[in-house]
Each structure stands twice: as C-alpha cells, then as structure tokens.
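Reading the structure
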Amino acid sequence: MNISILGSGRVGTTLAQALAAKGHDVTLGHRDPAIGKNQWQGPPLRHASLADAAAASPLVINATPGDTALQMLQALQAPLQGKVLLDVSNATERTANGMPSGLLYPNSSLAERLQAALPQTRVVKSLNTMLFTVMAAPQSLPTPPTVFISGDDTGAKDQVKALLAELGWLAGQMLDLGGIQSARATEALILMAPYLIAARGLKPFALTVA
Ligand SMILES: NC(=O)c1ccc[n+]([C@@H]2O[C@H](COP(=O)([O-])OP(=O)(O)OC[C@H]3O[C@@H](n4cnc5c(N)ncnc54)[C@H](OP(=O)(O)O)[C@@H]3O)[C@@H](O)[C@H]2O)c1
C-alpha cells in the first residue's frame, strides 16, 4: 500500500522504517525535501514536500508537531481530499524545556479541529498515548499496552486497525472509543507525560486500560 508520513522526527522515522520493512511504499513528507533526503539514515524510500506526500497516498500519517498541525494541514486541504488522515500528534502548550504543560484546544481536540477543517478527509486519531518506541513495537513492554482509536468513519478506522495490526498490535489491544470527539480524552492523556518521565525516567510507556 502507498502510505505517506508527514514529518521525519522520532515518530515519523519509527513508523516509516516499520512500514517500509512490511513492504509498504512509503513517502516521507518534509518541510524541505532536499534536506530531509540528505539527512535520512533509514532504508531507501521516497522523499517529498508535505503537499506532494499528502497527494501521493490514500493513507497519510501526521507526525508533525501538534501546535502547528492544524494550520499546516489546512493548507493541504486539496491533496488530502478523499484521504484517510491518521493523526498521531498531541497539541499542547510547552514549558521552556519542551514538555507539554496544557492543552492547546481545551474542551475540544486537535483531531476534532482537523476533522472540522478538512470535511472531505476522514480523520482518525491513534497512537498518541505512548512513547514513539512503542508504536511499532507494542509487544516490547512487560504489560500489554492499549492503542486507542477515535474517528467518525468506520471504514477509515478499519484501515487504521489493519495498519496497527501490521505494526504488531493485537486485536484485543485496540480500543475503538467511537467518534472523533473521543480524541479529546486521549489527547488530554499527554499531560501525564512530563510527570511519568519525572517519576520513572524516559522509559518506554503506553497508557493502558487494565
Ligand atoms: N515522541 C513521542 O514519543 C510521541 C508520542 C506520541 C505522540 N507524539 C506526537 O507526534 C508528533 C511528532 O512527534 P516527534 O517526537 O516525532 O516530533 P519531532 O521529533 O520534533 O519531529 C517532528 C517532525 O515534524 C517536522 N516538522 C517540524 N516542525 C514542523 C512544522 N512547523 N510544520 C511541518 N512539519 C514540521 C520535522 O520533519 P522535517 O524536518 O522532515 O520537516 C520534524 O522532524 C508530535 O505531534 C507529538 O506530539 C510524539
């Protein structure tokens, strides 16, 4: 399957490598594709601008900073038309050391804002409640983690669930919370991150329903 990933940071790189290893045709979207291609140290894959990457695949993953994602993705409305947009980002205010300090969209969520701004795109929120290392290695934790899924379109969520299965998630670990409004709950969980890291160090974690 053709899959595009916007952003080549920790999350984008992790997902690009895992999905390319599964045989998917991955396009990595960068703010500057020439720099992105030069700096890329993973397996060979296509590098493109954000707009070209959004146009290249039926499934597009947003792995860019949450505080700029709404504006950035709104500008990609045309290439994202008819696509499934898997949003893994968390939109928060930040302290000086870059840690999340408050929600950017209280009483709402980035995912809801994206769905409202991109009515011709099917937005699904998932993978945003864990450290990036867990996203493509869910069985690496001693406790089986949960991956939450939010979205208004059942077909789009089924596509994301199939992708999660390829990343190693078992059906029993996937928790479909319903419509896109449920993303406001999972996005708020990111506020635990600085306290978890302070309490136990930067170890892999995922928020899990037991
Ligand atoms: N890190 C985690 O463990 C984790 C866990 C759950 C969710 N998330 C969420 O996933 C998203 C990505 O996290 P990350 O840790 O991978 O971040 P990161 O390492 O900072 O990487 C983000 C990437 O997005 C691109 N980017 C940066 N600023 C941008 C802008 N203004 N517009 C468009 N693209 C921009 C850059 O790629 P190019 O240089 O190629 O343009 C950058 O490498 C964030 O929203 C974060 O909240 C992260």
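Please refer to the structure higher up on the page.
All of the points below concern the structure found in this document. Quick caveat, the model's predicted, so the values are computed rather than measured.

Attention shifts here to the site of the ligand. For the ligand, the set of nearby residues contains 21 residues, the closest of which are Gly7, Ser8, Gly9, His30 and Ser89. Among the residues making up the shell around the ligand, the classes are represented as seven nonpolar, 12 polar and two charged.

In contact at an axis separation of 10 Å, helix 4 (residues 66-74) and helix 6 (residues 110-117) are set at 5 degrees when each is read in the N-to-C sense. Here helix 6 runs roughly parallel to helix 4, going by the angle between their axes. In contact with Gly66, Ala69, Leu70, Leu73 and Gln74 of helix 4, helix 6 contributes Leu110, Arg113, Leu114 and Ala117. Of the residues that constitute the contact of helix 4 with helix 6, the class distribution is six nonpolar, two polar and one charged.

For the rest of this paragraph, the subject is unusual backbone geometry. In this structure, asparagine 107 takes a positive phi of about 60 degrees despite not being glycine. Although it is not a glycine, leucine 127 sits at a positive phi angle of roughly 65 degrees. Mapped onto the fold, leucine 127 is located in the loop between strand 8 (122-126) and helix 7 (132-135). The exposure class assigned to leucine 127 is buried, which follows from the 30 C-beta atoms found within 10 Å.

Parameters at a glance
Residues numbered from 1 in each chain as written. Predicted model: local features only at pLDDT ≥ 70, side-chain atom pairs only at ≥ 80, totals over all residues. Near = placed C-beta within 6 Å. Nonpolar A, V, L, I, M, F, W, Y, C, P; charged D, E, K, R; others polar. Axes fitted to C-alpha atoms, helices over the stretch in contact; angles between N-to-C directions. Helix = DSSP H or I, 4+ residues; strand = E, 2+ residues; numbered from the N terminus. Parallel < 35°, antiparallel > 145°, perpendicular 65-115°, else oblique. Contact = placed C-beta atoms within 7 Å. Buried ≥ 20, exposed ≤ 12 C-beta atoms within 10 Å, placed from the backbone.

Any link to function would need more than the numbers given here.
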